[in-house]
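Results of the structural survey
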Amino acid sequence: AAGVIQSPRHLIKEKRETATLKCYPIPRHDTVYWYQQGPGQDPQFLISFYEKMQSDKGSIPDRFSAQQFSDYHSELNMSSLELGDSALYFCASSARLAGDYEQYFGPGTRLTVT
Amino acid sequence: GDSVTQMEGPVTLSEEAFLTINCTYTATGYPSLFWYVQYPGEGLQLLLKATKADDKGSNKGFEATYRKETTSFHLEKGSVQVSDSAVYFCALIIRSNDYKLSFGAGTTVTVRA
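Small disclaimer: the values here were computed from a predicted structure and weren't measured.

Brief notes about the nonpolar core
Residues W35(B), F73(B), L75(B) and Y88(B) are the most contacted members of the largest nonpolar core, which totals 27 residues. Here this core takes four residues from strand β10 (residues 86-93) of chain B, the largest share from any one element. Counting residues in each nonpolar core, the second largest holds 22 residues, with L11(A), A19(A), I60(A) and V113(A) among its members.

Set out below in structure tokens:
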């Protein structure tokens, strides 16, 4: 079965650079969630999209922005990167309109800021 | 707000030992409850879930029962294997909170041969 795809899997950036993380949800899933997991931490909710509209916002810095496109894939844009942004970024998708609220996670993008 | 409190680790066990990881929750509505597992260097995998009171989720020998009276969802396995070594996260979602997952702090489990 198709799963959530995230790219790239690993990314190394320097401070003050920008990064773009991509997420391709499971086909026919209409909702995308982004989570950030720092070293040794639990995942923290960043932002979500339902039917291409922002649905909810968590502890996402103003330096970060995200959107969901017409094909339902989502991109997380991160600017002015800081050392503290080094983390594992997960994307998850669900089929909310179909009443399936279970979130299916991608493998994550490991971002390292040097 | 909605939150999950999870037994802190690390937990170290011998193979075939009994595993329990305690999880309690605080929620304003009626949450669905989940256990996720994260193997070293990998992403999050759903282990089991329960969507209403008294439901029992089970998978791969793991079980957890949704106890509304004690607001708990403790994870258990009767006989662990080395391959069960991982970090386990208890989590909840609530419809009124846009279904986003709130995770516990995670419990690192190491099983020794």
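Still to come is the rest of the account.
A look at the environment of A98(A)
Residues and elements named next belong to chain A. Assignment of secondary structure puts A98 in the loop between β9 (87-95) and β10 (100-105). Relative accessible area serves as the criterion here: at 68%, A98 is assigned to the exposed category. Residues A98 and R28, spaced 70 residues apart in sequence, show a C-alpha to C-alpha distance of 9.4 Å.

Structural notes on the sheet that holds strand β1 (residues 5-7) of chain A
Residue and element names in this part refer to chain A. Spatial strand order, β1-β3-β8-β7: four strands in an open sheet with antiparallel pairing. With one partner strand each, in any of the chains shown, β1 and β7 (64-68) form the two edges of the open sheet. Shown here is a sheet whose adjacent strand axes are inclined to one another by a mean of 15°, direction ignored. Here β1 pairs with strand β3 (residues 19-24) via three bridges, running antiparallel. Paired with I5 across the strands is Y24, a residue of β3.

Regarding the interface of chain A and chain B
On the chain B side, the residues contacting the 18 residues of chain A number 16 residues. With both chains or domains summed, chain A and chain B bury close to 1500 Å², and 55% of this area falls on carbon and sulfur atoms. Taken as a group, Y101(A), E102(A) and F105(A) account for 32% of the area that chain A buries against chain B, more than any other trio of residues on that side. Applying the counting rule to chain A against chain B returns two salt bridges. The salt bridge partner of K100(B) is D56(A), with a shortest N-O separation of 2.6 Å. Counting the contacts that link chain A with chain B gives six residue pairs in polar contact (both at pLDDT 80 or more). Looking at the side of chain A that touches chain B, the elements with two or more residues in it are β4 (31-37), β5 (44-50), β6 (53-57), β9 and β10 of chain A. Examining the composition of the side of chain A that touches chain B, we find that four residues originate from one element, β10(A), more than from any other. Across the side of chain A that touches chain B, the residue classes tally to nine nonpolar, five polar and four charged.

As for the packing of aromatic side chains
By the definition in use, this model includes 13 aromatic pairs over all chains. Between F90(A) and F105(A), the aromatic rings sit 6.0 Å apart at their centres with planes inclined by 85°, giving edge-to-face as the arrangement. Here the residue F90(A) occupies a position in strand β9, and F105(A) occupies one in strand β10, the gap between them amounting to 15 residues. Judged by relative accessible area, F90(A) falls into the buried class, the value being 0%. For F105(A), a relative accessible area of 12% translates into the label buried. For the pair Y25(B) and Y66(B), a centre-to-centre distance of 6.0 Å together with 80° between the ring planes defines the contact as edge-to-face. Of this pair, Y25(B) sits in strand β4 (residues 23-26) while Y66(B) sits in the loop between β8 (62-65) and β9 (75-77); the two residues are 41 residues apart in sequence, bridging distant segments of the chain. Per residue, the accessibility class of Y25(B) equals that of Y66(B), and both read buried. The structure contains a cluster of three or more aromatic residues connected by ring pairs, namely Y33(A), Y35(A), F45(A), F90(A), F105(A), F34(B), Y36(B), F89(B) and F103(B). A cation over a ring is seen here: R96(A) above Y50(A), with NZ or CZ 4.9 Å from the ring centre.

The rules behind the values
- Throughout, residues of each chain are indexed from 1 in the direction in which the sequence is written.
- Numbering of ligands from 1 and lettering of chains from A proceed in the order in which they are written.
- Totals for whole chains, interfaces and linings use every residue, but because this is a predicted model, local features are given only for residues with pLDDT of at least 70 and side-chain atom pairs only at 80 or more, for both listing and counting.
- Hydrogens and waters are ignored; side-chain quantities use all the structure's heavy atoms.
- We call a set of buried Ala, Val, Leu, Ile, Met, Phe, Trp, Tyr and Cys residues a nonpolar core when their side-chain atoms join them within 4.5 Å.
- Under the scheme applied here, a residue whose accessible area is under 20% of the maximum for its type counts as buried, over 50% as exposed, and between as partly exposed, the area being computed with a 1.4 Å probe on protein chains only.
- Secondary structure follows DSSP: runs of H or I at least 4 residues long count as helices, runs of E at least 2 residues long count as strands, and numbering of each begins at the N terminus.
- Think of it this way: DSSP has to see at least two bridges between two strands before they count as a pair.
- Axis lines are fitted through C-alpha atoms, for helices just across the contact stretch, and the angle between N-to-C directions can take any value from 0 to 180 degrees.
- Note on contacts: a residue pair is in contact if any heavy atoms of the two residues lie within 4.5 Å.
- Summed over both partners, the accessible surface that disappears when two parts come together, traced with a 1.4 Å probe, is what is meant by buried area.
- Note on definitions: salt bridges are taken to be side-chain nitrogens of Lys or Arg within 4 Å of carboxyl oxygens of Asp or Glu.
- What qualifies as a polar contact is a pair of N or O atoms within 3.5 Å, subject to a donor-acceptor requirement within protein and to the restriction that residues adjacent in sequence count only when both atoms come from side chains.
- Under the scheme applied, nonpolar residues are Ala, Val, Leu, Ile, Met, Phe, Trp, Tyr, Cys and Pro; charged residues are Asp, Glu, Lys and Arg; polar residues are all the others, including Gly.
- Whether two aromatic rings pair depends on their centres lying within 6.5 Å, for rings of Phe, Tyr and Trp, where Trp uses its six-membered ring; planes under 30 degrees apart make the pair stacked, over 60 edge-to-face, and the rest tilted.
- By the criterion adopted, a ring carries a charge over it if an Arg CZ or a Lys NZ lies within 6 Å of its centre and within 35 degrees of its normal.

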